[in-house]
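This is what each chain is made of:
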Amino acid sequence: MFFRQYDLACLSLYSYVIGDRDSGRAVVVDPQRDIEIYLADAAAEGLRIERVIETHFHADFVSGHLEMADATGAVISYGPGAQADFAIEHLVDGQVLSLGTVELEILHTPGHTPESISIVVRERPGADPWAVLTGDALFIGDVGRPDLLTSIGYGADDLARMLYSSLHDKLLTLPDATGVFPAHGAGSACGKHMSTAASSTIGEQRATNYALADIDVDTFVELITSGQSVAPLYFAFAADENRRERERFETHEPLDEVTFGDAVALAERGAVIVDTRAPESFASGHLRGSINIGLDGRFAEYAGNVIRAGQPVVLVGSPDRASEARLRLARIGFDDVVGIIDDVESALIAEPGFAASAARLTAHDVAQWSTDEPDVQIVDIRGPGEIDETGLVPGAVAVPLPRLLDTIEGLVDDAPRLDPKAPTIVYCAGGYRSSIAASAMRAHGFSRVADLIGGYDAWELATARSV
């Protein structure tokens, strides 16, 4: 048997290739959109990828099933009831797929989504399970959240009850030694307590996973439907895109360079300018109206929180960095990158009329602003779970980053009303997300916005020292 797990850390995604070296047949499970790594490994091992198995319709990335089918002729498979614009072969509960000696057994494990499946791997017919690929049904330390489909016809309560049955009647009946290989790890918004471990066993999860405790279904439903993070803004788009016959991802030619004037004209027609530098570099000088999303963080996920799907994008950064940014945007289906601004520092010196800077405050500065500016509004853009653990800075209002655009555009009825003319301080946990949020607010007409260097952690430390 050939088995390989692939870790795309920037999206907390695990994907897999499983093959039989004797027969030369293989499948890929939950592939990322840029598929070259799977093709290269299959070729090196003498394997032919004949099937793409998707454990469910993903919401956090655009999968590479169409690219893989075009490249290899592979059949695309989903679980029971899945519907898509392209040809799929449905897999049913208990179905066995033979790769030669290696066998894959399909378990229908709905709950995260109705069509979700898990894949039991056996090294030979009749052998004990070697592993189970659990998709988003069972994570290491957690289970899949059941609330992402509530807006398209499924209630979180109903899906949670399905998940309880999938876990207890299907997955937990496997032997304790069975390896557990999920579709996501720590950092993913598809769960709330995921471990940093990439794999586990059924026995270990039975003993340690809070959601697999000996509780009744009603307690389970309450446990896993509470405390979930706010789903990123782009999730609904990506989930829909994975059902569609869409444009294929291709390795792109170098991006065209654009001038500041071109970028501003594009922005006036609806484009967004994304500066991929670190927050401190952005703060010292940037193109007016640009949004700072540092490439060294969870770039694609956070871009999907402050860019609307379909908006053209102009990238700020070196050609290599811009190429990486374009790839990472493509992984969530944001394909319309229209140009690059290279060497922004030199351009700002040459054309200072386009330049702006950003205020970044220390915790001491925040206290001073609050004293000097009685109408200051303080915005916490962390998730609800983070705030539950620490509380808010006094006087702050909570607007999770995925809800920021809808909030400032007045699309959320129960959100705080933010005044674009009032001085505004934005903070997160450590300072990365706050630079994103503050720059997005400035780009949407907020006249005076600063973010807190070091975030809540810095404010808490400063407060403790002053006591």
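Residues numbered from 1 in each chain as written. Predicted model: local features only at pLDDT ≥ 70, side-chain atom pairs only at ≥ 80, totals over all residues. Heavy atoms only, no water.

Engineer: Can you help me understand the pairing of strand β9 (residues 117–122) in this one?
Structural biologist: Look at any regular strand and the pattern is simple: side chains alternate between the two faces of the sheet. When you tally the buried positions in β9, you get six out of six residues, the bulk of the element. Two elements, strand β8 (residues 103–108) and β9, share six bridges in a ladder whose sense is antiparallel. The partner of Leu 104 across the bridge, within β9, is Val 121. (Buried < 20%, exposed > 50% of the residue type's maximum accessible area, 1.4 Å probe, protein only. Helix = DSSP H or I, 4+ residues; strand = E, 2+ residues; numbered from the N terminus. Pairing = 2+ DSSP bridges.)

Engineer: I would appreciate a short explanation of the environment of His 90 in the present structure.
Structural biologist: Here His 90 lies in strand β6 (residues 89–90). Filtering out sequence-adjacent residues up to four positions away, His 90 remains in contact with Tyr 78, Gly 79, Gly 81, Ala 82 and Gln 95. (Contact = heavy atoms within 4.5 Å.)

Engineer: Would you mind going over the nonpolar core with me for this structure?
Structural biologist: In globular proteins that are soluble, nonpolar side chains generally tend to be buried together. Among the nonpolar cores identified, the biggest contains 53 residues, and Leu 11, Ile 293, Ile 307 and Leu 315 are the most heavily contacted of them. Secondary-structure elements contributing two or more residues to this core are α6 (235–241), β15 (272–275), α9 (299–306), β18 (313–316), α10 (319–330), β19 (337–341), α14 (404–408) and α15 (432–443). Core analysis: the second largest hydrophobic core is formed by 22 residues, Leu 107, Ile 140, Ala 160 and Leu 212 among them. (Core = buried A, V, L, I, M, F, W, Y, C linked by side-chain atoms within 4.5 Å.)

Engineer: In this structure, what is going on with the sheet that holds strand β21 (residues 359–361)? I would like to understand it.
Structural biologist: Sheets are built from strands that pair by backbone hydrogen bonding, the pairs being arranged parallel or antiparallel. With parallel pairing, the five strands of this open sheet are ordered in space as β21-β25-β24-β22-β23. At either margin of the open sheet sits one strand with a lone partner, and together these are β21 and β23 (396–398). Each neighbouring strand pair of the sheet contributes to a mean axis angle of 30°, computed without reference to strand direction. In the sheet, strand β24 (residues 424–427) pairs with strand β25 (residues 449–452) via three bridges, with the strands oriented parallel. The partner of Val 426 across the bridge, within β25, is Asp 451. Strands in contact with helix α12 (residues 363–372) are β21, β22 (377–380), β24 and β25; relative to β21, the strand with the most contacts, it is inclined by about 105°. This element, α15, spans β21, β24 and β25 of the sheet and lies at about 175° to β25. (Axes fitted to C-alpha atoms, helices over the stretch in contact; angles between N-to-C directions.)

Engineer: What is the right way to read the environment of Ala 415 from this model?
Structural biologist: Following the sequence through the fold, Ala 415 ends up in the loop between α14 and β24. The sequence separation of Ala 415 and Arg 403 amounts to 12 residues, and the corresponding C-alpha distance is 8.7 Å.

Engineer: What should I look at first to understand the sheet that holds strand β10 (residues 131–135) in this one?
Structural biologist: Pairing is mixed across the open sheet formed by six strands, whose spatial order is β7-β8-β9-β10-β13-β14. Each edge of the open sheet is held by one strand with a lone partner, namely β7 (96–98) and β14 (200–201). Here β10 runs beside strand β13 (residues 179–182); their pairing, made up of four bridges, is parallel. Paired with Gly 135 across the bridge in β13 is Pro 182.

Engineer: Would you take a moment to explain the pattern of salt bridges for this structure?
Structural biologist: Pairing is possible between side chains of opposite charge, provided their charged atoms come close. Counted by the stated rule, this structure contains 31 salt bridges. Residue Arg 4 is joined to Asp 41 by a salt bridge in which the shortest nitrogen-to-oxygen separation is 3.2 Å. Here Arg 4 is found in strand β1 (residues 2–8), whereas its partner Asp 41 is found in helix α1 (residues 36–44), with 37 residues between them in sequence. Accessibility expressed as a relative area gives 33% for Arg 4, which makes it partly exposed. Residues Glu 45 and Arg 21 are paired through a salt bridge, measuring 3.1 Å at the closest nitrogen-oxygen approach. Placement of Glu 45 in the loop between α1 and β4 (48–53) and of Arg 21 in the loop between β2 (13–20) and β3 (25–29) is noted, with a sequence separation of 24 residues between them. Residue classification places Arg 21 among the partly exposed positions, given a relative accessible area of 45%. (Salt bridge = Lys/Arg side-chain N within 4 Å of Asp/Glu carboxyl O.)

Engineer: How should I be thinking about the packing of helix α3 (residues 156–169) against helix α5 (residues 217–225) in this particular structure?
Structural biologist: Two numbers describe how α3 lies on α5: the axes approach to 9 Å, and their chain directions differ by 115°. Helix-helix and strand crossings are classified by hand; for α3 and α5 the assignment is right-handed. In this structure, α3 uses Ala 156, Asp 157, Ala 160, Arg 161, Leu 163, Tyr 164 and Leu 167 to contact α5, whose residues at the interface are Val 217, Asp 218, Phe 220, Val 221, Ile 224 and Thr 225. Here the residues of the contact of α3 with α5 are counted per class, giving nine nonpolar, one polar and three charged. (Left-handed = near helix turned anticlockwise from the far one by under 90°. Nonpolar A, V, L, I, M, F, W, Y, C, P; charged D, E, K, R; others polar.)

Engineer: Help me out: how do you make sense of α5 in this one?
Structural biologist: Residues spaced three or four apart along an α-helix point in a common direction, a consequence of the helix completing one turn every 3.6 residues. The complete set of buried residues in α5 reads Phe 220, Val 221 and Ile 224. The buried residues of α5 occupy an angular sector of 100° when projected down its axis, which confines them to one face. Its buried side turned inward, α5 meets β12 (142–143) and α3. Near the N-terminus of α5, the side chain that reaches the backbone nitrogen of Asp 218, with its oxygen 3.2 Å away, is that of Asp 216. Backbone geometry just downstream of α5 places Gly 227 in the positive-phi region, at approximately 75°. (Arc of directions from axis to C-beta. Polar contact = N/O pair within 3.5 Å; in protein donor to acceptor, adjacent residues only side chain to side chain.)

Engineer: Any chance you could explain the environment of Arg 298 here in plain terms?
Structural biologist: Structurally, Arg 298 is set in the loop between β17 (291–292) and α9. When its relative accessible area of 17% is taken as the criterion, Arg 298 is described as buried. Arg 298 sits 134 residues away from Tyr 432 along the chain, and the two C-alpha atoms are 9.7 Å apart. Among all residues touching Arg 298, those that are not within four sequence positions of it are Ala 9, Cys 10, Leu 11, Ser 12, Ala 186, Gly 187, Ser 188, Arg 328 and Tyr 432. A distance of 3.0 Å separates a polar atom in the side chain of Arg 298 from a polar atom in the side chain of Ser 12.

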